[in-house]
Amino acid sequence: MAKLFPKVSFVHDETPLSWAARQAAFHKGGRLVPFLNDLRIPAIDLARGLPEAVMRLCETAGQDPAPVLHNTITAIGARRFTLRGHEFSAEFTTGVETRICPFCLAEDQADRDRPDVAVRHRLAWRLATVRTCSTHGVPLRDIRVGKWDDQLHELQGMGAVIEAEIASPPDTEPQAPSDLQVYVERRLEGQTGPVWLDGQNIDQATRATEMLGGLIAFGPNQQAATMTLPMWDEAGRAAWSLVSEGEHAMTEFLCGALDTSTRQEGQARPRKAFGMLYSWLSASRLSKDPGPIRPLLRNVIRENVPLVAGQNLLGEPVAEPRLSSIGSIAKTEGVHSTTLRNILEVAGLVEKLSGSCGADQIVDYARARELISTAKYAVPVTRVPDLLTTSRPMVAALVELGILTRIHDHGELKSKIGKAIDGRSIRKALADLRERFTEIDEAPEDCVPLAKSAERSRVSLKVILELLFGGHLHHVFRLTGHEGFSAIHVDVAEIRSVLESPPPGLSGDVYFRIP
């Protein structure tokens, strides 16, 4: 393959397209596209940074490809690119806009016989976050001609526009590039920075910083769509110290912003509190993963804002809200809001209200659900004898032994609800009877029902039940066709025999016989 001569060397800070455009000006005295056509290199392939196009250009120009590839932004998919091992979205770049520093371009052309060969487009100018010239401290300018080849960023074809920019340089005091810009440039050179930023893709880190900074610098009413380049630069500067400190500092700031908004609005409204940050992260068509800023904000909202179970919060359904209104909890858990309020009042989670159901009151969802779960199983004491087919005295004995439990044994319910029996303990007692004792069609002559056994043995029902559930009685049978305790028959002689030498661990009642 013929080599271009003489050689136009690649400059370490320029893009492959810039280098190709300078070669076109030098060797052909013309524009980039015809030059690339002569070399059989599709301009669009070089614009997309395809390795084969870059390698062909380097081979023809006699250039070591390593530094050129080092500065190549390569397309790898739908609006996705890589540079130096970092993958990012198209928004991380300037797109078709060509960003320039008028002072740098004026210096490129100064005292040059062929200024079109000398003027070059810097790689750093292709990055959206780079908005300040690191050499001159001035804001960079975005220019375009409005033609299809704007995507080639060919400075040689923008002469009139560039001359106009050079003739009217920025009238601002020089300032250092933002810390965010410095971070991006250093990270692309392989250096490390703040841990939270380094833990995500480079475009996620910059976007999160700028969106958070927009809230800090301009408040929650600012819209991202109306942000200018200087405003984005200010946003990056405003958030730098916060993102540098990491998640704890950001969480504290977001909680503070929410508290301030809640006081002003009278209720917690995340969209009002977090403005453009919330709008970005809650967008239904958010095609790019925003990174760890979204779960961070989601957790702040979940911990501090009343939510509804199943509600979509920043792209994920809320399985278990921390806070919710009584009305929402009642609907989710399938109980009446007035019933729920009464339960919560009894437990002391809300104050007693008069004349209102209090459905808008905010409570701890987990505590409310725990109480609801318990209250759902509440069985009035008066119904228990029928469910167990036994007497009230036996129910009292079962409660005393802990075989049946009251609702208030589980927590703070100290009312009629609390005095009720926990239905789960009733079901367990019935299951124990079915599983532990042999079913027969007719009880042996020496076996009698439980109630009769107390009378025959002259021992309290509590003692007999303690022996029964403690596994100390073996001649115990359950009559077919009967349920509960009425089905249980025990051997009175066995009871007396066991009590002649009581097993260890029985209650003191065993030593007191009925006269």
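So, how was this worked out
- Residues numbered from 1 in each chain as written.
- Predicted model: local features only at pLDDT ≥ 70, side-chain atom pairs only at ≥ 80, totals over all residues.
- Heavy atoms only, no water.
- Helix = DSSP H or I, 4+ residues; strand = E, 2+ residues; numbered from the N terminus.
- Contact = heavy atoms within 4.5 Å.
- Buried < 20%, exposed > 50% of the residue type's maximum accessible area, 1.4 Å probe, protein only.
- pLDDT = per-residue confidence, 0-100.
- Pairing = 2+ DSSP bridges.
- Axes fitted to C-alpha atoms, helices over the stretch in contact; angles between N-to-C directions.
- Salt bridge = Lys/Arg side-chain N within 4 Å of Asp/Glu carboxyl O.
- Core = buried A, V, L, I, M, F, W, Y, C linked by side-chain atoms within 4.5 Å.
- Patch = residues over 30% accessible without salt bridge, like charges linked within 9 Å, V, L, I, M, F, W, Y side chains within 5 Å.
- Areas by Shrake-Rupley, 256 points an atom, 1.4 Å probe, with all protein chains shown as cover.
- Lys, Arg positive; Asp, Glu negative; His and termini not counted.
- Charge placed at Lys NZ, Arg CZ, Asp CG, Glu CD.
- Parallel < 35°, antiparallel > 145°, perpendicular 65-115°, else oblique.
- Left-handed = near helix turned anticlockwise from the far one by under 90°.
- Nonpolar A, V, L, I, M, F, W, Y, C, P; charged D, E, K, R; others polar.

Here we take up the environment of L467. Of note, L467 is situated in helix α24 (residues 461–469). Between the alpha carbons of L467 and D13 there is a distance of 90 Å; along the sequence they are 454 residues apart. Excluding its chain neighbours within four sequence positions, the residues that come into contact with L467 are H472, L473, I495, V498, L499, P503 and L506.

Along the chain, L140 falls in the loop between α7 (115–118) and β5 (141–143). Its relative accessible area of 7% is what places L140 among the buried residues. Sequence separation between L140 and T382 is 242 residues, and the spatial gap between their C-alpha atoms is 83 Å. Not counting chain neighbours up to four residues away, the residues in contact with L140 comprise R99, I100, C101, W125, V130, R131, T132 and C133.

Further remarks concern unusual backbone geometry. For residues besides glycine, phi is generally negative; the peptide bonds are generally trans as well. For the bond from F5 to P6, the omega torsion is -5°, close enough to zero to count as cis. Considering the arrangement of structural elements, one finds P6 in the segment before α1 (16–27). Phi is positive for R79, which is not a glycine, with a value near 55°. As for its position among the elements, R79 is in the loop between β1 (74–77) and β2 (80–83). Residue R79 is classed as exposed on the basis of its relative accessible area of 52%.

The next subject is the confidence of the model for the chain. Mean pLDDT over the chain stands at 91; residues scoring 70 or higher make up 94%. This stretch, residues 410–416, has a pLDDT under 50; its non-local contacts, to residues over four places away or in other chains, come to 21 contacts. Contacts for the low-pLDDT stretch residues 511–515, under 50 throughout, to residues beyond four places or in other chains number nine contacts.

For the rest of this paragraph, the subject is the sheet that holds β2. Within the open sheet, the three strands sit side by side as β1-β2-β3. Their pairing is antiparallel. Only two strands of the sheet have a single neighbouring strand rather than two, namely β1 and β3 (86–89). Ignoring strand direction, the axes of neighbouring strands in this sheet form an average angle of 35°. Taken together, the four bridges between β2 and β3 define a ladder with antiparallel strand orientation. Its bridge partner lying in β3, L83 is registered against H86. Each of β2 and β3 touches helix α11 (residues 202–218); the most contacted strand, β3, lies at about 50° to it.

Scanning the entire structure with this criterion turns up 29 salt bridges. Among the ionic pairs, E91 bridges to R79, the shortest N-O distance being 2.9 Å. Here E91, found in the loop between β3 and β4 (98–100), pairs with R79, found in the loop between β1 and β2; they are twelve residues apart in sequence, far enough to count as distant. For D203, the salt bridge is made with R80, and the minimal N-O distance between the two is 3.6 Å. Taken together, the residues D203 in helix α11 and R80 in strand β2 connect sequence positions 123 residues apart. Exposure class is identical for D203 and R80. Each is buried. Residues joined in a network through salt bridges with shared partners are D13, D108, R120 and R122.

With 65 residues, the main nonpolar core has L212, L254, F274, L277, L297 and I301 as its most contacted residues. When residues no more than four places from it in sequence are discounted, the contact partners of L297 are L254, F274, L277, Y278, L281 and L314. Within the second largest apolar cluster, 35 residues are counted, among which are M394, V395, I421 and L506.

Turning our attention to a negative patch on the surface. Together, E439, D441, E442, E445 and D446 line one region of the surface with negative charge. In this fold, E445 is placed in the loop between β12 (438–440) and β13 (447–449). Since its relative accessible area comes to 83%, E445 is described here as exposed.

Take the packing of helix α13 (residues 247–265) against helix α15 (residues 293–304) next. Put simply, α13 and α15 touch, their axes get as near as 10 Å, and they point 45° apart. In terms of axis orientation, α13 runs oblique to α15. Here α13 and α15 pass one another in a crossing that is right-handed. Note on element contacts: α15 touches α13 through L296, L297, V300 and N304, opposite E247, M250, T251, L254, C255 and L258. Split by residue class, the contact of α13 with α15 holds seven nonpolar, two polar and one charged.

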